[in-house]
Each structure stands twice: as structure tokens, then as C-alpha cells.
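Working through the structure, step by step
Residue-level listing of the chains:
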Number of protein chains: 4
Amino acid sequence: MRAREHGIVIGTGTPGPHNAITDVAGVRVGHTTLISGEGARVTGQGPVRTGVTVILPHGDSTFDEPLYAGLHWLNGCGEITGMPVLEEFGVLTSPIALTNTASVGVVRDALVELEIAATGKPAWSQPVVGETWDGRLNDISGQHVRREHVHQAYREASGGPVAEGSVGGGTGMICHGFKGGIGTASRVVDGYTVGVLVQANHGKRERLTVNGVNVGERLPAKPVANEGAGSIIGIVATDAPLLPHQCRRLAQRAGLGVARTGGAGENFSGDGFLCFSTGNRNIPSAALDSATPRTYQVTALSDEYIDPLFYAVIEATEEAIVNALVAAETMTGADDLTITGLDGATLAKVLTT
Amino acid sequence: MRAREHGIVIGTGTPGPHNAITDVAGVRVGHTTLISGEGARVTGQGPVRTGVTVILPHGDSTFDEPLYAGLHWLNGCGEITGMPVLEEFGVLTSPIALTNTASVGVVRDALVELEIAATGKPAWSQPVVGETWDGRLNDISGQHVRREHVHQAYREASGGPVAEGSVGGGTGMICHGFKGGIGTASRVVDGYTVGVLVQANHGKRERLTVNGVNVGERLPAKPVANEGAGSIIGIVATDAPLLPHQCRRLAQRAGLGVARTGGAGENFSGDGFLCFSTGNRNIPSAALDSATPRTYQVTALSDEYIDPLFYAVIEATEEAIVNALVAAETMTGADDLTITGLDGATLAKVLTT
Amino acid sequence: MRAREHGIVIGTGTPGPHNAITDVAGVRVGHTTLISGEGARVTGQGPVRTGVTVILPHGDSTFDEPLYAGLHWLNGCGEITGMPVLEEFGVLTSPIALTNTASVGVVRDALVELEIAATGKPAWSQPVVGETWDGRLNDISGQHVRREHVHQAYREASGGPVAEGSVGGGTGMICHGFKGGIGTASRVVDGYTVGVLVQANHGKRERLTVNGVNVGERLPAKPVANEGAGSIIGIVATDAPLLPHQCRRLAQRAGLGVARTGGAGENFSGDGFLCFSTGNRNIPSAALDSATPRTYQVTALSDEYIDPLFYAVIEATEEAIVNALVAAETMTGADDLTITGLDGATLAKVLTT
Amino acid sequence: MRAREHGIVIGTGTPGPHNAITDVAGVRVGHTTLISGEGARVTGQGPVRTGVTVILPHGDSTFDEPLYAGLHWLNGCGEITGMPVLEEFGVLTSPIALTNTASVGVVRDALVELEIAATGKPAWSQPVVGETWDGRLNDISGQHVRREHVHQAYREASGGPVAEGSVGGGTGMICHGFKGGIGTASRVVDGYTVGVLVQANHGKRERLTVNGVNVGERLPAKPVANEGAGSIIGIVATDAPLLPHQCRRLAQRAGLGVARTGGAGENFSGDGFLCFSTGNRNIPSAALDSATPRTYQVTALSDEYIDPLFYAVIEATEEAIVNALVAAETMTGADDLTITGLDGATLAKVLTT
């Protein structure tokens, strides 16, 4: 059950049919979830509580058909590979993968493999991989994510409803002292759809705020050390026709959604946000041997109409975080650490009393 | 033989004893060079013309003892992982590795392994890996770099003279239409040492300029397609006590050295520069469990004295590029492509006539 | 009466003695308020509802003794002059002045005059002037601010309590559909003081949120067109010893305080934040003829201890905005436009029911 | 006489008909030059050696019809007002003015006056004013530029040949130890025109390099103290249809032209570059009351074709600097300081021997 199914409505906007990033036409999400072992942590053996999530930005090959994109860091204690290309050209040239901090490399190189398969040319791309740190519940030093896990998530990615909570890259995450992970939400404004997917691993319990109500300590949870030392990666998708600098503007607003739920871009938190627009699909591939036209036509949103998209990003980010919390059930991981799942019914009750 | 041994003197500054990045006390460099196979390219088999170079920024563990650092992109068609941490905190928290574009991930995760071994704690760091593209001479899609190659370069890293040309990450690189690769140089100014190491894979032949003289087409070379589609990564080290934003300032000047030798930050070139300072060694580790003091004392260079360091970075970058070119010998790689080595004696002659 | 005097307490932190930016030792604030005329707008004649606010960052001459500083734009539809120096050197080299959009220039040049008087040398500095747009209540095109108004605010700047609401640069401002202007607040954490001063001219009425409660439409106000087309400039002062990049980190958090009170960095809003630290006072002047030492010693806060400062900035920004709203009384300006002052007692009542 | 008339040809590209920024259709340039008094400096009286240059980016009102634009700082010891709007929206919304450091404000506010006259609406814009420091030859503290000087340069701006050397904003400037000022040049590539105009006040004499030849100390000049403490502002115009981030990319290349003539972005130098594209003219005005369409169509250059524009910017910047030097004649200013004009015939001779 998701936040809305518990009667928890965030903001005033209208979600899309799945209230998910997949409401942006063509966007697909796949998860590979790795859960095995229990008890004491033995590096390389487990317990394993991790995974990888892959987001395909449109229905075709991103390696061949880039999209305009932009990013923003609220706090840069994290990683999103592929940043220079995103910033220099303003384009997203690969699927986006999310995983744990110690497995960014293997996931990145697996995307290179997928690029080679997709393009039939020598590897060239700078894939985009974000991460958050699951080193409490997961044997992170064991680097358990393997290339085939990325291939699987890529292969199985689909539109429609998105699994949330302790799945994919979000499997072992902790958020505001509760079990965190993957969450998503969407808004429809002015005929455009804005979808947000987060991998939520950030925040202190005493700061958790839902719809303006500080609820963190009014909800039962086993205490956990070092809260707020996590991170949140947010992916914003929209079919509004945005130029690269406009994508960057939307990306910064995802951080405002984090702020409204109690985050602050804490020092040890890697709070990075990437926004891509599917509103222009004819952007030339960066590949060297293409028969690229000298110029091409694009559609741009007039900046004057961007505020509703800002509000949509903020609200959808808030709701995606709450969805991640509500979906994730209590988990016991490495060294028998147990992280309490936030109970949606209890949260709904606290919000109305 | 290096440029100076051929009588080619770049600029007016004084090099350090090894005219290398290792002239900055504590800096060590290690290369693993992978050369095998010949003939037609078969993905996964070869021919292999690649490798990895590791730079250890000081004599101890960078994972435990960070340094102030900053970076600049002249053109962002490339990758340096770990950018968010570098930009948010202004610190370098790992060794630096350079490799080929398709192997960034495996090298990054190998540095994570080294972090675990060095710190004895769960993996946490965001290692720094830069890359350039060796896909003409090397079976880049084969992703031939393996973790043990990184471990080897790390283990064997040493001070003193640095092997140049077709070694380490520079093995399969092409620069201004000639065989490129690793080059280094240094300058001593005002009692400080500035060292630069480049992995040079950039530039068009007709623009190659040494000491102001356009020499590219006055030197014999087999033509090669798509020159200028490479990249250059430059690492600037100094013992001058620089704050993070001052490191960033030096990093930008490395791009001016590229410009003076004929580079332009071409569209498909990933020209990224990272500068670190060993002048402050007591910067607290970012690790969560450290008994970190609330404040610490650092020494800062007065900005008014920074110009000589700027000039040193420019000159040393120019000379490092020329050293890379002069050191790299003619190489035949995948599909029997041959890239001509620039002959130092011929270059010296052209410069004086 | 301020928010706290109405029983409205923002957050959990402890304010300094004046709950103002002047709680940071040495910080002084001066306002020149220009109110004259009424009725129809005649460009050049009035009505005049504007002014200038000057912030002196420490007890001596900022022109001679710079401070580390950093800035962040949540949305850049605005102006803060002097940005390149702030970003390149990480230092604040002038007092800070706030005024209306059309008078930035005269205020800037007046600060140059003050520099000449203070230093006795040829003009050199790049003064820092921020602005928001008072073109509804004020004959902004009349450019009524004159140099002597800046001199007066500079001369009369003092520590202690700070006048709020429709004073100085905030005189003609509108915030979330109510009368806005200058507001300030402070927090004491870990022995450090963080003070924030805002010139608040931003936000839509329906989004105004205090302590998580959406109150904008539950408070009486005459409707006003084009809300959200304003801006907010926030100045963050602290005596914590921060390096330039750490100041920039605090500056970004001011935007989170804006978000928590209902702002979104709207498209036409210039939401810029500048943070300076008085924690290091021996930073060499940039003046050319100084007998500057080659290096100097500074104290830096370990990043690990920065979160409480982040929270303090967020809270103090929220409270400064509410203080601006509560202090500003209903004002009638150009073309008889009336903007309703938000009544603190009514707000307090709404928040508790 | 200009560099080419002396036989000094920079690079290999083809200039436009006027070899000036005005070769980009619609671009107009106007100068107001202020020269009066001699002898000892008396603040407020003179001697006066300063002025203002205005660049109109297209044939209509920039206040109503913005252009895509981007900027880059090689070294930020300077000022270009209006930066936040340029960076947030990627548009240029005003004419560009260049003047001396102490007069930026008055010039900015004069552009606001011109905006009011052009639009007939309340002042709203954030005008773009760059500066360099003429405090050696000019009584800079006297702030001699007045609003009517800006109006005059704006009114008299024209296409065709551009006056160079000691004119307009460049009147009192010093460059590489010689008399500097305004210079311009252009290149035609792939059917596009790239024009550059510089206000050159930067560089050390011993580093001056023309076509790769270090000439500074081979040319006669009276020594001058503190060379390299100036600045260079460069304006890049093109009719190639560039998006904002592509303009920013061209702007960075202007710095490479500075580097190739011996600049280094010295510490006290404000080396800022702004590029605008006239290739799209239907960008919605940011004015609040416009009947703006929700979306609009733009043409974008495929990045793959951008290299020739990069080379054109580099070359044209180099030539604009040399043109500034060659055009500026020996000048005596405040306190009888004489700055030697670089003689073009002598330079030509040095370059060929």
C-alpha cells in the first residue's frame, strides 16, 4: 500500500495514472534485488541487502538517442557518474542506474556493455550511475552487485506500476531512521507529466516531516546510529520540452521537496538530482560516425510557464520519499541490525490527530 | 629521451630534479601496461593496447588523510569520477587512477577495494578515476583492465623518474595525430614545486604547436582519421598551501597549457584537470567514526602570490604534453592501425629552422 | 512586535540575544527608508516607497579586511553585483547593500565612494549589491535612491536590534501576497552564532507556510496580481570559522528555509543567498600595494560539525521571513495600490487552531 | 592601421568584411570617449582618460527580444553585472556596456533608463555591464562617466567598421605593458560569422606573444609598474544558432585566445567572456505581461559541428587583442604617466626576423 492508499495526500497536484515516474510516456524502470544471508557481517559473504535499479528514459536506445538533461547537487557527498557530459552537452546519453556506493563501478561498466550491444560500435559512452550507501544493513564491502544484475534490471524494465521500498538499488537503505529505499510519484500539469523516482537513504528521524507535520518521533522505531549520514538520489522525468538549463532548474527543485520532508542536505549526504526531458527526441547522437545534420529543430518551453513544473517536482519528490518509507517493511540485515519499517496506517493516524 | 634531452626547452621556469609530478614530495606514480595481440579486432580478445596509471598524492593513505583539491573542465566530453565530493568538500579522498573510457568502473571499484584494505572499515569512498579513449589502437570494448592491474599499479607506485609515453593509462592514446600517452613535467617557483602529469589523447595534427611554432604538418606521420576526438586528463600537484578554490584556479590554468600547444577543448575531447595541494596535511578525514577535532588550522597562500604558480602550471602542462609525444614510440594496434611516434630529434630540428 | 512576541516559535534552535544578524559580533545594519507622495504613478516623481539597507560585516573596514564568503542562487532572476570576486577568491571585500532593482547601480557606485574614503587609494573594489523589485508600490522607474542615501545607511549602521518590515531596501516589498520587507533572526549552536537577514519580496499567497501549516489563504488580505514575481535576497552571517566553500554550502541552505515557508524559487524570482564568516579576520586584502605575507594561517571548521549550522540557517531564514511579514504594516503606494500587512496576532491564532 | 594592414595575419581563418564583431548581422557598436585634463591627479577633476562602449546585439531592442547567451570567467577579479539572469535563463536581455571599474553602477542604471524608454514599462531588467580598471592613466576615483555618455554611445552605435584602441571603455587601458583598449576581429566559418570585441587591459609585457613569437621585450616601451594587474573583457557574437550552454562553451574558448597571446588569467585580472547568438530571434521576452506562447521553436547547432566555431573564437580573440594594441597610440595621463603605444610596423618587423 502506498501513501495515498492510506489517505495521505501530499500537496494539491494531480498524479498521473500510476503516480510514478513511468507516467512519463516511454519511461521504464527495472529492479534487481539482492537479499541473502543473515547474522554477522563477513566481507565478501554477506549478509547481502542491496541491488540495482535501472531507469530507461524512453522507449528506444538512449545510447543512440540522447535527451536534454541537467543536474543539481544539494549536497555532494555522493556520486553520479557521467556528470561532465551532462554538464557540457546538456544531454543524457545512457540509461540511469542506481546502486550502492561500493558498486558504482561494476554497474557503470555493465552499462558500457549494454551500449556496445545496443550500438554495435566500440564503447564510447559515459554512463550515468548514482548511488547511496547501504553499509549498515548490507555487506557493502563485499561488492555483491555483478554485471548480470544490471543486465537483468535493464532487460526487465517496464512501464506501469513501479515496485517501491526495499527493492533494486534501494534494498538496504535507511531514511529518517526508518527503512527507506525506492519511491516514486508523479504530477500532471498543463498537459505535461512530471515524474520523480528517489532512492532515499537520508535524513534524521527527529526531522521527518510529512505535510508540514513533524512526525519522526511520534512514530515507533528502533533507534539507529548515525542517521542523516545517508543520501538521496532523485531522478526527475518530464515530457515538457525543456532545454538543458531548464532541466537543471527542475533538478534543483527536487532538493526543495527533500527540505520540506525534513532533509537538509546533511554533510555526509549525497543529495543529487538529475532531470531529463523527453519533449525533444531528435537530438543528434554524440557518436562520431553519425550522419548528423548541421542543425536541428527543438521545441522549448517558455520560462514563464515553468512554475507549475517546479511545484510538481517539489510535491512529487515529497510524495516519492513518503512512498519509499511507507512501502519499505522492517528489515534485519548485517550483524542483526533491524531497521523499522514506517507503518502507513500509523502515519495516517498521526497526521490526522 | 625526453624533450629537454633533445634540447627542447619549454618556457622559462626551472624544473624540479626529475622534471616530473613526483618532484612534489610524497607523490608517487605507478603504471600497469597491457599490450598483447595483434591484427584484426575481436571484441574481448584484443588486440590490447591499454592500461592503468595510479597517482598516490602523498606518502600515506589518501583514504585516511585527504588533501585540498579542485578541478576544472575545459571540455566535458569525458569522465572524472568522484567529482561531487571534490566540489562539495574541496578534498581529494582517494588515489587518482587514469585508464581507458570503457574501464573506468572496474578501476573505480578496485580503488574501493584498496580503501577497504587501507582503512579496515566498510567501503565509503568515492574514488577518483579519469579516462581517455583508446578505441582505435585498443580493443576498448573488450574492457581488458582488471582489478589486479589497478592493485599492481598502486603497489608499484614510486617516486623519482616517471615512465612516459605508451605506458599505463596512456598506452593506446593518440595526440595531435601522433602516438600520445603519459607525460610529466615540473617547475620550482618561490620555493614551491608544481608538477603536472597528463594522459594525452587530444588534438588535431595541423594545430600542434611547440613553443609557439606550428609543427604538426612539418613532422612526418601516417594520417589518422578523427584526430581531435580524444581527450586529455591533467593532474596538477603542488606543495604550495592552497585552499580548495585556489586548487580549482590552478586546474583551469592547465587548460591554457593545452591551448598553447594547439588544443582547443575540441567537442569530442574530455579535457579535465584536477589539482591537489600537499601543503596542508591535517585535514580531517571524512570518515564518520573519526575523533575529529571541531576546528583545525591550515595555511593558505595569499592570492597575491599565485601568478607564478599559474605560469608554472601552464608551462609544465605544455612540457608534459611534449614529453608524452616525444616518449611515445610508433605503435601498431587493432586492425593493424599504426600511429606514428613523434621523433624528438626531428622536432628539435624543426624548432630551430 | 516580532513573531516570537506573538508566540510564534520557528523550529527548535536558540536565538541570540537580539534574534538578529547583529548577534554575530561586529555585524551592523543600517537602513535609509524613502517614503513620499501618494496617488497616481508619475515616473520620476513618485510615489516613492523604497530605500537601501547596508550590512557591515565586521567592526572594521571590509574594504581593507575581507572575509571568506560564498553564495548560491536558488533562482537567478535577480542581481548580486560583485559575484565574480566572491566566486574566484571566496572573499567578501565590501559592505553589502540591498535596494530596488532599478537602483543597483547608484548604490554600487556609492559603495565605491565609501571605499575611496576608507582606503585613501584609487577605487578598485567590486562592491556587493543585491536587489528585489518594488515596482508595484514604488515608482521604481524614477530611480529615487541617491548616493547620499547609501552613505546615510552606512554611517548609521549599528549593532543591536534591527528594524524590520517596510524599512531600507525592503520598504516597498511584497511577500506571499502580504506586505513584505526586511526580516532577521539568529541561532546559537555549538558556541557559534548564525544570523540571517532577508529582503523578502517573493512567494505566492496560497503557498505561504509557517511551521508546516499552510496559512496564506486563511489570513485576510486584499488580492494582489502577479504574486510570486518578486525575489528574496538572504544574507547569512556566522562567526564559525568557515572556508569559502563552506560558506557556499550554508548559502544553499537558506534556500531550504525559503522552501519550508512556501517559496519555490519561482521563475521570476531572484532568490540569491550570500554567506560570510567572521571566524577568520586575517585574510589578506586584495589591494595591490599591501605588504601581504606570502602565507597566512586560518582556522577551518571540520565539515563533520557543519550540520547544526545548516539547521540554524534553515530555521533562521524561515523566522526572518516570518519576522518580515509580521513587522510590515499595510501600505498604500503607487496608483493607490494597497498591500495588506500580515497581522501577527491573527497568524498566531491560525497556527494554534 | 590594423594588424592585417601591417601584414600581421593571425591564424588561418577568413575574416568577415569588416574583420569586426559588426560582421555578425545586426550587431552595432558605439563609443563615448572621455579625454580631458593633464598633469597631477586630483580626484574628481582628472585627468580623465576613460569612456564607455555599448554593444547592441541585434537591430531591434534587446530589452524586448532576448538572445541566448552564456559566459565564462578565466579569472574572476572583475565584474559583469547581470550574471544571474545570464546563467539561470541563458539569455541576454540588455545591450552590453563596457566601462571602467568605478563607473559600472552609473552605466548600469543608465541602461535601465534606456530600458524604460524602449519598453514603456516599469524598470525590470538586469543590464549587462563589464569593466576593466583604468586607474593608472585615468582619475578613476572621480567616476567621470555619466548617464548621458551611455545614452550617447547607445544612440550612436552603428554597424560597419569599429573604432579601436583608446576609445570608449578602452580609453585608458594598458595591455601587456603597452597602451591597450578596444580591439575586434571576426571569422567566417561554415557560413556562420563569429565576431569578438575585447576591452584589453591585461597581461605582462614579458609574456606578450603574437603568432607564437614572444615579442613583449623585443618591442620598445617605457616600463610600467604592476603590469598584469588589469583585466580583459571579451564579447563573442555569432549568428550560428547556439543554445545557451553552447554559448558558454564558446565563451570559454575566448580565454584560450588570451592564453595564446600571453595572458594567464592573472590573479588581479578580471578575464570574463560573454557569448551571444543571434541565430534564434524568437525567444520570449521575460517581461511579465507579455502574451507569451507556451512553447516556441528554436534551431540548434549539432555539437558535432562546433569545433570550427571554437577555432574561430580563439583566433578572433587573438587578433582582437593585437588590433587593440596596434590601434592604441602612446598616451599620457594622470600624474604624467606615459604608456607606450605598440607600433604595428615594428611588430610586423619583429615577427618576420
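Residues numbered from 1 in each chain as written. Chains lettered and ligands numbered in written order. Predicted model: local features only at pLDDT ≥ 70, side-chain atom pairs only at ≥ 80, totals over all residues. Heavy atoms only, no water.

Next up on the list: the overall build of chain A. The number of helices and strands found in chain A is 6 helices and 17 strands. Rg of the C-alpha trace for chain A: 19 Å, near the compact-globule value of 20 Å for 353 residues, within the 12% margin. Based on the C-alpha atoms only, the size of chain A along its principal axes is roughly 60 × 45 × 35 Å. Looking at chain A as a whole, 72% of its 353 residues qualify as buried. A separation threshold of at least 6 residues defines the contact pool for chain A, and within that pool the share at least 24 residues apart is 80%. (Helix = DSSP H or I, 4+ residues; strand = E, 2+ residues; numbered from the N terminus. Rg over C-alpha atoms; globule rule 2.2 N^0.38 Å. Buried < 20%, exposed > 50% of the residue type's maximum accessible area, 1.4 Å probe, protein only. Contact = heavy atoms within 4.5 Å.)

In this section: the packing of aromatic side chains. Counted by the stated rule, this structure contains 4 aromatic pairs over all chains. Consider the rings of W124 of chain C and F268 of chain D, whose centres lie 5.9 Å apart with planes at 75°: the pair is edge-to-face. Here W124 of chain C is found in the loop between α2 (104-119) and β6 (128-132), whereas its partner F268 of chain D is found in the loop between α4 (244-260) and β14 (270-277) on a different chain. One Lys or Arg, R253 of chain C, reaches over the ring of F310 of chain C and ends 3.8 Å from the middle of that ring. (Phe/Tyr/Trp six-rings, centres within 6.5 Å; stacked < 30°, edge-to-face > 60°. Lys NZ or Arg CZ within 6 Å of the ring centre and 35° of its normal.)

Now for the interface of chain B and chain A. Between chain B and chain A, the residue contacts involve 45 residues of the former and 44 residues of the latter. Of the roughly 3600 Å² buried between chain B and chain A, counting both surfaces, carbon and sulfur atoms make up 58%. Along the contact surface separating chain B from chain A lie 0 salt bridges. Here chain B and chain A share 22 residue pairs in polar contact (both at pLDDT 80 or more) between them. Put simply, the parts of the chain that give the side of chain B that touches chain A at least two residues each are β3 (67-76), α1 (83-89) and α2 (104-119) of chain B. Top contributing element to the side of chain B that touches chain A by residue count: α2 of chain B, with 8 residues. (Buried area = accessible area lost by both parts, 1.4 Å probe. Salt bridge = Lys/Arg side-chain N within 4 Å of Asp/Glu carboxyl O. Polar contact = N/O pair within 3.5 Å; in protein donor to acceptor, adjacent residues only side chain to side chain.)

Moving on, we get to the interface of chain D and chain C. At the interface, 44 residues of chain D touch 44 residues of chain C. Where chain D abuts chain C, roughly 3600 Å² becomes buried across the two surfaces, and 58% of that area is made up of carbon and sulfur atoms. Taken together, chain D and chain C are joined by 0 salt bridges. Joining chain D to chain C, the criterion identifies 22 residue pairs in polar contact (both at pLDDT 80 or more).

All names here are of chain D. Along strand β6 (residues 128-132), 5 of the 5 residues are buried, which leaves the element largely enclosed by surrounding structure. Side-chain alternation along β6 places V128, G130 and T132 on one buried face and V129 and E131 on a second face that is also buried. Where strand β5 (residues 96-100) lies against β6, 5 bridges are found, and the strand directions are parallel. Note that in β6 the partner of I96 across the bridge is V128. Between β5 and its parallel partner β6, the chain crosses via helix α2 (residues 104-119), and the hand of that crossover is right-handed. (Pairing = 2+ DSSP bridges. Right-handed = clockwise from strand over helix to strand, strands pointing away.)

Another point: the state of the cysteines. Covalent bonding between the sulfur atoms of two cysteines defines a disulfide. All names here are of chain A. One pass over the structure, following the stated rule, counts 0 disulfides over all chains. With no disulfide of its own, C77 lies closest to C175 among cysteine sulfurs, the gap being 16 Å. Judged by relative accessible area, which is 7%, C77 ranks as buried. C275 supplies the cysteine sulfur nearest to C247, a cysteine that is in no disulfide, at a spacing of 4.4 Å. (Disulfide = S-S within 2.5 Å.)

On to the relation of the copies chain D and chain C. Overlaying chain D on chain C yields an RMSD of 0.0 Å, the required transformation being a rotation through 180° with an accompanying axial translation of 0.0 Å. In short, the pair behaves as if placed about a two-fold rotation axis. It is G105 of chain D whose C-alpha, among those of chain D, lies nearest the rotation axis, at 1.7 Å. (Least-squares fit on C-alpha atoms with pLDDT ≥ 70 in both.)

This paragraph deals with the confidence of the model for chain A. Of the residues in chain A, 98% have a pLDDT of 70 or more, and the chain-wide mean is 96. For this predicted complex, the interface confidence score (ipTM) comes to 0.97, while the overall pTM stands at 0.98. (pLDDT = per-residue confidence, 0-100.)

What follows covers α2 of chain C. All names here are of chain C. Taking 1.5 Å of rise per residue, the 16 residues of α2 would be expected to cover 22 Å, and the 22 Å separating its terminal C-alpha atoms lies within 8% of that figure. The element α2 is extensively covered by neighbouring structure, given that 13 of its 16 residues are classed as buried. Positive backbone phi, at 65°, marks G120, one or two positions downstream of α2. (Expected span 1.5 Å × (residues − 1).)

Residue and element names in this part refer to chain A. The mixed open sheet is built from 4 strands, whose spatial order is β1-β2-β5-β6. On the outer flanks of this sheet lie β1 (28-36) and β6 (128-132), each paired with one strand and no other. Between one strand axis and the next, the sheet turns through 15° on average, direction left out of account. Of the strands in this sheet, β2 (48-56), β5 (96-100) and β6 touch helix α2 (residues 104-119), which is tilted by about 160° from β6. Taken strand by strand, helix α3 (residues 147-156) contacts β1 and β2, and its axis lies near 140° from that of β1. (Axes fitted to C-alpha atoms, helices over the stretch in contact; angles between N-to-C directions.)

Residue P47 of chain B is bonded to the preceding G46 of chain B through a cis peptide linkage, with omega at 0°. Position of P47 of chain B relative to the elements: it lies in the loop between β1 (28-36) and β2 (48-56). Despite not being glycine, D190 of chain D shows a phi value in the positive range, around 55°. Along the chain, the position of D190 of chain D falls in the loop between β9 (181-189) and β10 (192-200).

Another point: the pattern of salt bridges. A side chain of one charge can pair with a side chain of the opposite charge if their charged atoms are brought near each other. For the structure on display, the rule yields 60 salt bridges over all chains. The shortest N-O distance in the salt bridge between D190 of chain B and R294 of chain C comes to 3.2 Å. Of the two residues, D190 of chain B is situated in the loop between β9 (181-189) and β10 (192-200) and R294 of chain C in the loop between β14 (270-277) and β15 (295-301); the pairing between them involves two chains. According to the relative accessible area criterion, R294 of chain C is partly exposed, its value standing at 31%. In this structure, D109 of chain C and R147 of chain C form a salt bridge, with 3.8 Å as the shortest nitrogen-oxygen distance. Of this pair, D109 of chain C sits in helix α2 while R147 of chain C is found in helix α3 (residues 147-156), placing the two residues 38 residues apart along the sequence. For R147 of chain C, a relative accessible area of 23% corresponds to the partly exposed category.

To continue, consider the pairing of β14 of chain D. Residue and element names in this part refer to chain D. In terms of burial, β14 is largely enclosed, as 8 of its 8 residues are buried. Along β14, one buried face is formed by G270, G272, L274 and F276 and the opposite face, lined by D271, F273, C275 and S277, is buried too. One ladder, built from 8 bridges, connects strand β3 (residues 67-76) with β14; its direction is antiparallel. Each bridged residue has a counterpart across the sheet, and for G76 the counterpart in β14 is G270. Here 7 bridges tie strand β13 (residues 232-238) to β14, and the two strands are oriented parallel to one another. By the bridge assignment for β14, G234 is matched with F273.

Residues and elements named next belong to chain D. Ordered by their spatial adjacency, 4 strands build an open sheet running β1-β2-β5-β6, and the pairing between neighbours is mixed. Looking along the sheet, the strands with just one partner apiece sit at the ends: β1 (28-36) and β6. In this sheet, adjacent strand axes meet at a mean angle of 15° when their direction is disregarded. Here β1 pairs with strand β2 (residues 48-56) via 9 bridges, running antiparallel. By the bridge assignment, L34 is partnered in β2 with T50.

At an RMSD of 0.0 Å, chain B and chain A line up after a rotation of 180° and a shift of 0.0 Å along the axis. Most of the interface of chain B is mirrored in chain A, where 98% of its interface residues are also at the interface.

So, about the side chain of S277 of chain B. Residue and element names in this part refer to chain B. Relative to the assigned elements, S277 resides in strand β14 (residues 270-277). S277 sits in the buried class, given a relative accessible area of 1%. A polar side-chain atom of S277 sits 2.6 Å from the main-chain carbonyl oxygen of A240. Separated by 3.2 Å, the side chain of S277 and the backbone nitrogen of L242 make a polar contact.

A separate point is the packing of α2 of chain C against α2 of chain D. Direction vectors running N to C along α2 of chain C and α2 of chain D enclose 170°, while the axes themselves pass 7 Å from each other. Classed by the angle they form, the pair α2 of chain C and α2 of chain D counts as roughly antiparallel. On α2 of chain D, the residues touching V104, G105, V106, R108 and D109 of chain C of α2 of chain C are V104, G105, V106, R108 and D109 of chain D. Of the residues belonging to the contact of α2 of chain C with α2 of chain D, the class tally is 4 nonpolar, 2 polar and 4 charged. (Parallel < 35°, antiparallel > 145°, perpendicular 65-115°, else oblique. Nonpolar A, V, L, I, M, F, W, Y, C, P; charged D, E, K, R; others polar.)

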